[in-house]
Amino acid sequence: MGTEASASAVDLLRLQIPFQTDGELVLPQRGVGLVLVDLCNGFCTVGAGNLAPVAPNKQIEKMVGEAARLAKLFCDRNWPIFAFLDTHYPDKPEPPYPPHCIIGTGEENFVPDLQWLEKEPNVTVKRKSCIDGYISCIEKDGSSIFADWVGKYQIKTVLVLGICTDICVLDFASSTLAARNIDRVPPLQDVVIYSEGCATYDLPVEVATNIKGALAHPQDLMHHIGLYMAKGRGAKVVDRVVVEP
């Protein structure tokens, strides 16, 4: 499918399943936490692995840039950040995906623009071995690292950025909202997804048809669907993030 045909398909989808964004999120001086989902080499750095982009990708580059900008803003103010990094053992596959973000490969680490976060005192890093970050935080005794983080900093709003919009970001948002609805993550009230700070991968139809078992995954189409589904789960979707004066 050519560029013009792809654009037409996205326009048609947006007509069929439209949604209004919640506009602008004004960050308050307290009660907000930043959640970064899988800003790691294996998903974002060109040529870094089986699920990394094969060529420079504008949507992913914009996501990384916005993540770096907001992470610096939060760190400058000593506001809490919770960062997921997809991390797997070689003997524990994650169907239907090929091996990715294996420990020791470097794929599982922050992209270069965010490596500095590892040394910041306001950042909690959680290496996750499953798609859903919320589930990855649940310990065998039933406690939750993420719920503890929300409680410790008295977070009422989580601002979510990352990859993939329609997979890990959507799953985390959906589970967190479900948990909020049954009072598992007090005092959390809102899950806010920043559309310009999220991205997904691109696997066009013409490429997928030549890969056995592959599902086509047009980037712009699936990005829209991911945001639409998150909105349907109760998340807020914003296209601007600014700081309260």
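Residues numbered from 1 in each chain as written. Predicted model: local features only at pLDDT ≥ 70, side-chain atom pairs only at ≥ 80, totals over all residues. Heavy atoms only, no water.

Student: I'm lost on the overall build of the chain in this one. Help?
Tutor: Regarding its fold elements, the chain presents 8 helices and 8 strands. Against the 2.2 N^0.38 benchmark of 18 Å for 245 residues, the chain shows a C-alpha radius of gyration of 17 Å, consistent with a compact globule. Summarising its shape, the C-alpha atoms of the chain cover approximately 50 × 45 × 35 Å along the three principal directions. The buried share of the chain, taken over its 245 residues, is 47%. Relative to all contacts within the chain whose residues are 6 or more apart in sequence, the contacts with residues 24 or more apart total 77%. (Helix = DSSP H or I, 4+ residues; strand = E, 2+ residues; numbered from the N terminus. Rg over C-alpha atoms; globule rule 2.2 N^0.38 Å. Buried < 20%, exposed > 50% of the residue type's maximum accessible area, 1.4 Å probe, protein only. Contact = heavy atoms within 4.5 Å.)

Student: Help me understand helix α5 (residues 145–152), please; the structure alone is not making it clear to me.
Tutor: Note: α-helices contain 3.6 residues per turn, so residues at a spacing of three or four share the same orientation. Listed as buried for α5 are Phe-146, Ala-147, Trp-149 and Val-150. In a view along the axis of α5, the buried residues occupy a sector of 155 degrees, so they form one face of it. Contacts made by the buried residues of α5 are with β2 (32–37), β3 (81–86), β4 (123–128), α4 (133–136), β5 (157–163) and α6 (168–181). The opening residue of α5, the one whose side-chain oxygen lies 3.3 Å from the backbone nitrogen of Phe-146, is Ser-144. (Arc of directions from axis to C-beta. Polar contact = N/O pair within 3.5 Å; in protein donor to acceptor, adjacent residues only side chain to side chain.)

Student: Hey, could you run me through the packing of α6 against helix α8 (residues 219–233) in this one?
Tutor: When two helices pack together, their arrangement is given by the angle between the helix axes and the distance between those axes. Put simply, α6 and α8 touch, their axes get as near as 9 Å, and they point 0 degrees apart. The orientation of α6 with respect to α8, classified from their angle, is roughly parallel. In contact with Leu-170, Ser-174 and Leu-177 of α6, α8 contributes Gly-226, Met-229, Ala-230 and Arg-233. (Axes fitted to C-alpha atoms, helices over the stretch in contact; angles between N-to-C directions. Parallel < 35°, antiparallel > 145°, perpendicular 65-115°, else oblique.)

Student: Whenever I open this one, the UniProt feature "domain: Isochorismatase-like" (unreviewed entry) in the chain confuses me. Can you help?
Tutor: UniProt feature "domain: Isochorismatase-like" (unreviewed entry): in the numbering of this structure it lies at residues 34–202. Along residues 34–202, the helical share is 29% and the strand share 20%, with 26 Å between the first and last C-alpha atoms. (UniProt positions renumbered as here; feature names shortened; annotations may be inferred.)

Student: I would appreciate a short explanation of helix α3 (residues 58–76) in the present structure.
Tutor: In a regular helix each residue adds 1.5 Å, so 19 residues correspond to 27 Å; α3 covers 27 Å between its end C-alpha atoms and thus fits that length. Two or three places before Gln-59, at the opening of α3, Asn-57 has a side-chain oxygen 3.1 Å from that residue's backbone nitrogen. Looking one or two residues beyond α3, the residue adopting positive phi is Asn-78, at roughly 60 degrees. (Expected span 1.5 Å × (residues − 1).)

Student: Explain the side chain of Glu-94 here, please?
Tutor: Note on placement: Glu-94 falls in the loop between β3 and β4. Of the buried charged residues, Glu-94 lacks a salt bridge, with Lys-128 as the closest side chain of opposite charge at 6.1 Å. Within polar-contact distance, the side chain of Glu-94 engages the side chain of His-100 at 3.0 Å. Leave out the neighbours within four places in its chain, and Glu-94 touches Asp-86, His-88, His-100, Ser-129, Cys-130 and Ile-131. (Lys, Arg positive; Asp, Glu negative; His and termini not counted. Salt bridge = Lys/Arg side-chain N within 4 Å of Asp/Glu carboxyl O.)

Student: I would appreciate a short explanation of the packing of aromatic side chains in the present structure.
Tutor: Any aromatic ring pair is given by two values, namely how distant the centres are and how the planes are angled relative to each other. Tallying each qualifying case throughout the model produces 10 aromatic pairs. Each member of the aromatic cluster is reached from another via a ring pair, and the members are Phe-82, Phe-84, Tyr-134, Phe-146, Trp-149, Tyr-153 and Phe-172. Over the ring of Trp-79 we find Arg-77; its NZ or CZ atom is 5.7 Å from the centre of that ring. (Phe/Tyr/Trp six-rings, centres within 6.5 Å; stacked < 30°, edge-to-face > 60°. Lys NZ or Arg CZ within 6 Å of the ring centre and 35° of its normal.)

Student: What exactly am I supposed to notice about the layout of surface pockets here?
Tutor: Using a probe with the size of a water molecule, rolled over the atoms, empty space left in the structure can be pinpointed. Empty space within the largest pocket amounts to approximately 960 Å³. Along its surface, the largest pocket is lined by 36 residues, and Asn-50, Leu-51, Tyr-201, Asp-202 and Leu-203 are the ones closest to its centre. Across the lining of the largest pocket, the residue classes break down as 25 nonpolar, 7 polar and 4 charged. (1 Å grid on protein atoms, 1.4 Å probe; cavity = no way out; pocket = protein on both sides within 12 Å on 5 of 7 lines; lining within 4 Å. Points joined across faces, edges and corners; volume = space filled by probe spheres on them. Nonpolar A, V, L, I, M, F, W, Y, C, P; charged D, E, K, R; others polar.)

Student: Please explain the nonpolar core as it appears in this structure.
Tutor: Among soluble globular proteins, nonpolar side chains are generally buried collectively. By size, the foremost hydrophobic cluster in this structure holds 68 residues, and its most contacted members are Val-35, Phe-146 and Leu-159. The biggest single contributor to this core is α3, with 10 residues. If we skip the residues at most four places from it in the chain, Leu-159 touches Leu-25, Leu-27, Gly-33, Leu-34, Val-35, Leu-70, Val-192, Tyr-194 and Val-241. (Core = buried A, V, L, I, M, F, W, Y, C linked by side-chain atoms within 4.5 Å.)

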